[in-house]
Amino acid sequence: TLNPDAAEPQAYLLVTAAGVTYQPMPLQGEGEFSITQGETGMVNTVHVTPTSIWMADSTCDNQDCVEQGVVSLDTMDDRVLGNMIICLPHQVTLELYTAEEMNAIIASLEEATP
């Protein structure tokens, strides 16, 4: 059964790992998940809330991605990396989008499909 009180998500997370971009994830709660890359043992742990993302942990050497801090709907316009958190050693990119931005991206992709 659908919850009539469940609001549309305010934000979406787009994850790219090793050149593969995954389905946009609606941010509807708080929690963590890990991105584990096959046999390499590379692991990035992402923390999400309904309006923000951050790299909670990574097995990379430099920890730059963890130190990039929180990207939220309120701060993404003021950050050096904007809506992104990047882990270069693992080739992982996290991108935070508003619902409006994600809807526009999806619409443009659908228009491009023959």
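Starting afresh in each chain, residues are numbered from 1 along the sequence in its written order. Residue-level local features of this predicted model are given only where pLDDT is at least 70; pairs of side-chain atoms are given and counted only at 80 or more, and the full residue set underlies all totals for whole chains, interfaces and linings. Side-chain metrics in this entry use all non-hydrogen atoms of the structure; hydrogen atoms and water are not considered.

A. Structural context of the pairing of strand E5 (residues 42–49). Only protein chains enter the accessibility calculation, which uses a 1.4 Å probe. A residue is then buried if its area is under 20% of the maximum for its type, exposed if over 50%, and partly exposed in between. Secondary structure elements follow DSSP: runs of H or I no shorter than four residues count as helices, runs of E no shorter than two count as strands, and numbering proceeds from the N terminus. Burial of E5 is extensive: seven of the eight residues sit out of reach of the surface. Sheet topology note: the strand E4 (residues 31–37)/E5 ladder contains seven bridges and is antiparallel. Its bridge partner being in E5, Thr-36 is matched across the sheet by Val-43. From the end of E4 to the start of E5, which pair antiparallel, there are four residues, and Gly-38 there has a positive phi angle of about 35 degrees. Strand pairing follows a simple DSSP-based rule, namely that at least 2 bridges must link the two strands. Note: E5 against strand E6 (residues 52–58), six bridges, orientation antiparallel. Bridging from a neighbouring strand, Thr-49 pairs with Ser-52 of E6. In this antiparallel pair of consecutive strands, E5 and E6, the connection spans two residues.

B. Local environment of the environment of Gln-68. By secondary structure assignment, the location of Gln-68 is in the loop between helix H1 (64–67) and strand E7 (71–72). When checking whether two residues touch, look at their non-hydrogen atoms; a contact exists if any pair is within 4.5 Å. Setting aside its immediate chain neighbours within four residues, Gln-68 contacts Arg-79, Leu-81, Met-84, Ile-85 and Ile-86.

C. Quick look at a negative patch on the surface. Together, Asp-77, Asp-78, Glu-100 and Glu-101 line one region of the surface with negative charge. With respect to the helices, strands and loops of the structure, Asp-78 is situated in the loop between E7 and strand E8 (84–87). Assessed through its relative accessible area of 68%, Asp-78 is described here as exposed. Note that patches include only residues with greater than 30% relative accessible area and no salt bridge, and the join distances are 9 Å for like charges and 5 Å for nonpolar side chains (Val, Leu, Ile, Met, Phe, Trp, Tyr). Shrake-Rupley sampling with a 1.4 Å probe provides the accessible areas, and residues are treated as covered by the protein chains on show and by no other component. Between Lys or Arg on one side and Asp or Glu on the other, a salt bridge is scored when a side-chain nitrogen of the former is within 4 Å of a carboxyl oxygen of the latter. Charge counting treats Lys and Arg as positive and Asp and Glu as negative, with His and both chain ends excluded. Every charge is mapped onto a representative atom, which is NZ of Lys, CZ of Arg, CG of Asp or CD of Glu.

D. Main features of the state of the cysteines. Disulfide assignment relies on a single distance test, namely cysteine sulfur atoms paired within 2.5 Å. Using the criterion set out here, one finds zero disulfides in the structure. You can see Cys-60 has no disulfide; the closest cysteine sulfur is in Cys-87, sitting 3.8 Å from it. Judged by relative accessible area, Cys-60 falls into the buried class, the value being 6%. No disulfide involves Cys-65; its sulfur sits 3.8 Å from the nearest other cysteine sulfur, which is in Cys-87. Classification of Cys-65 as buried rests on a relative accessible area of 1%.

E. Geometry of the nonpolar core. Leu-13, Ile-53, Met-55 and Leu-94 are the most contacted members of the largest nonpolar core, which totals 19 residues. Mapped by element, the contributors of at least two residues to this core are strand E1 (11–17), E5, E6, E8 and strand E9 (92–98). The element best represented in this core is E1, accounting for four residues. Sequence-distant contacts of Leu-94, defined by excluding residues within four places in its chain, comprise Leu-13, Leu-14, Val-15, Ile-35, Val-46, Ile-53, Met-55, Asn-83, Met-84 and Ile-85. The criterion is simple. A nonpolar core is a set of buried Ala, Val, Leu, Ile, Met, Phe, Trp, Tyr and Cys residues joined through side-chain atoms within 4.5 Å. With five residues, the next largest nonpolar core counts Leu-14, Tyr-97, Ala-99 and Met-102 among its residues.

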